[in-house]
Structures are given as C-alpha cells and as structure tokens.
Amino acid sequence: ESLNWEEFFQLRKQRRLWERLAALPCAMLGLGGGAAVFASLPIHPQQTFMGVDPIFVFGGATMFCGLLGFVVGPSVGRIWYKIGNRQLARTMDMKEAEFFKHVKSNRSDPSFSSASNPLPDFYGEKINSLKGYRKWLRKQREHERKGTF
C-alpha cells in the first residue's frame, strides 16, 4: 500500500500529536515513581549529602525523574503510535525515509549561516503539508541567496 504526500503529512501530524501527548503521562509516571522511591528512603537529619540537606537532594532527584519521564515520553508515544497503526508503520517509515532524502537534497548549506542569516528548519521538522514543504523550499533558497551575497 502506498501513501500519497498529503496522507503522509496527515499521519505524520497525527504521530507527532501522539508523541506530545505521551510526554505528560510519562512525566507523571517518572515523578510518581521518583517520589515513591525517594520518599521511602530514610532521612537522617544530621547527615548531609555533599553539604546539602538530604531532603533537597531527594526533592531534586524526584524532579529529575519527572524530567526524565518527560524526555522519554515522545519515544514512548511513537512506539504506541506504531503499535496502534501496525499496518501503516512500514509504509510510513519508507515514506519518511523518502521525505528526508528530499529534505537532505534540498536544504541550504549550513556554512551560509550567520547571526543575521540563521539556518531555517534544517531537518524539515516543521513541515506539515505540501504547502509547508513549498514554503520550506522557498526559505532554503532565500537562505542560500542571502548567504552568497
């Protein structure tokens, strides 16, 4: 089964939504798991950890667990999306590889970048439609044109 570009961009948008939505529950799981682990550890009031009160160390470690869950969340969302759409996963991966081949061949040379001429969307992450792709192409050409003069 083959996807046309409009369907691909629609599915890609849907996948990115799953990735973003999975970040919050994963962050809550990380925060809850960290809180459960660090709340169960004994705290000795006279003992410090590298000069810092253990309650602050445990609190920071709990927050770090939540942050780690938030960072891992999009990967979990992508896995959930692939499991939920098994029949399209392989086709989507093939189309994604083809899309990135187009992006790689049409993006501007990064050596043209400067403070006044920043590189626009190098990996094409913000492209969500054919219209967006055409706009991305125009920005790449404009970046190249500004960099050569």
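Just so you know, these numbers come straight off a predicted model, no measurement behind them. Residue numbers restart at each chain and count upward from 1, following the sequence in its written direction. Residue-level local features of this predicted model are given only where pLDDT is at least 70; pairs of side-chain atoms are given and counted only at 80 or more, and the full residue set underlies all totals for whole chains, interfaces and linings. The side-chain values count all of the structure's non-hydrogen atoms but skip hydrogen atoms and water molecules.

1. Things to note about the nonpolar core
Nonpolar side chains in soluble globular proteins generally cluster together in the buried interior. Put simply, the rule is: The definition of a nonpolar core used throughout is a set of buried Ala, Val, Leu, Ile, Met, Phe, Trp, Tyr and Cys residues joined through side-chain atoms within 4.5 Å. Classification of residues uses two cut-offs on accessible area relative to the type maximum, computed with a 1.4 Å probe and protein chains only: under 20% is buried, over 50% is exposed, and between them is partly exposed. Helical segments are the DSSP runs of H or I of at least four residues, strand segments are the runs of E of at least two, and each set is numbered from the N terminus. Here, two residues are considered to be in contact whenever any of their heavy atoms come within 4.5 Å of each other.
Core analysis: the largest hydrophobic core is formed by twelve residues, namely Leu3, Phe8, Phe9, Leu11, Tyr81, Leu88, Met92, Phe99, Val103, Ile127, Tyr133 and Trp136. Of all the secondary structure elements, the ones that give two or more residues to this core are helix H1 (5-40), helix H3 (86-106) and helix H4 (130-148). With four residues, H3 is the single largest residue contributor to this core. Ignoring anything within four residues of it in the chain, the contact list for Val103 reads Phe122, Tyr123, Gly124 and Trp136.

2. Description of the pattern of salt bridges
Worth spelling out the cut-off: What makes a salt bridge here is a side-chain nitrogen of Lys or Arg within 4 Å of a carboxyl oxygen of Asp or Glu, nothing more.
Counted under the stated rule, the structure contains seven salt bridges. Measuring nitrogen to oxygen at the nearest pair gives 3.5 Å for the salt bridge that ties Arg12 to Glu96. Highlighted residues: Arg12 in helix H1 and Glu96 in helix H3, separated in sequence by 84 residues. What makes Glu96 buried here is its relative accessible area of 10%. For Glu96, the salt bridge identified is with Arg15, shortest N-O distance 3.0 Å. Of this pair, Glu96 sits in helix H3 while Arg15 sits in helix H1, placing them 81 residues apart in sequence. A residue is classified by how much of its surface remains accessible, and Arg15, at 5% relative accessible area, is buried. If you follow the salt bridges from partner to partner, you end up with Arg12, Arg15, Glu19, Arg78 and Glu96 in one network.

3. Topic: a positive patch on the surface
Under the convention used in this document: Within this analysis, patches are made of residues with over 30% relative accessible area and no salt bridge. Like charges are joined at 9 Å or less; nonpolar side chains (Val, Leu, Ile, Met, Phe, Trp, Tyr) at 5 Å or less. Each accessible area value is a Shrake-Rupley result obtained with a 1.4 Å probe; residue values ignore everything except the protein chains displayed when judging cover. Asp and Glu count as negative and Lys and Arg as positive, but His and the ends of the chain are not part of the count. Charge positions come from single atoms, namely NZ of Lys, CZ of Arg, CG of Asp or CD of Glu.
Together, Lys126, Lys131, Arg134, Lys135, Arg138 and Lys139 make up a positively charged patch on the protein surface. Within the secondary structure, Lys131 is located in helix H4. Its relative accessible area of 66% is what places Lys131 among the exposed residues.

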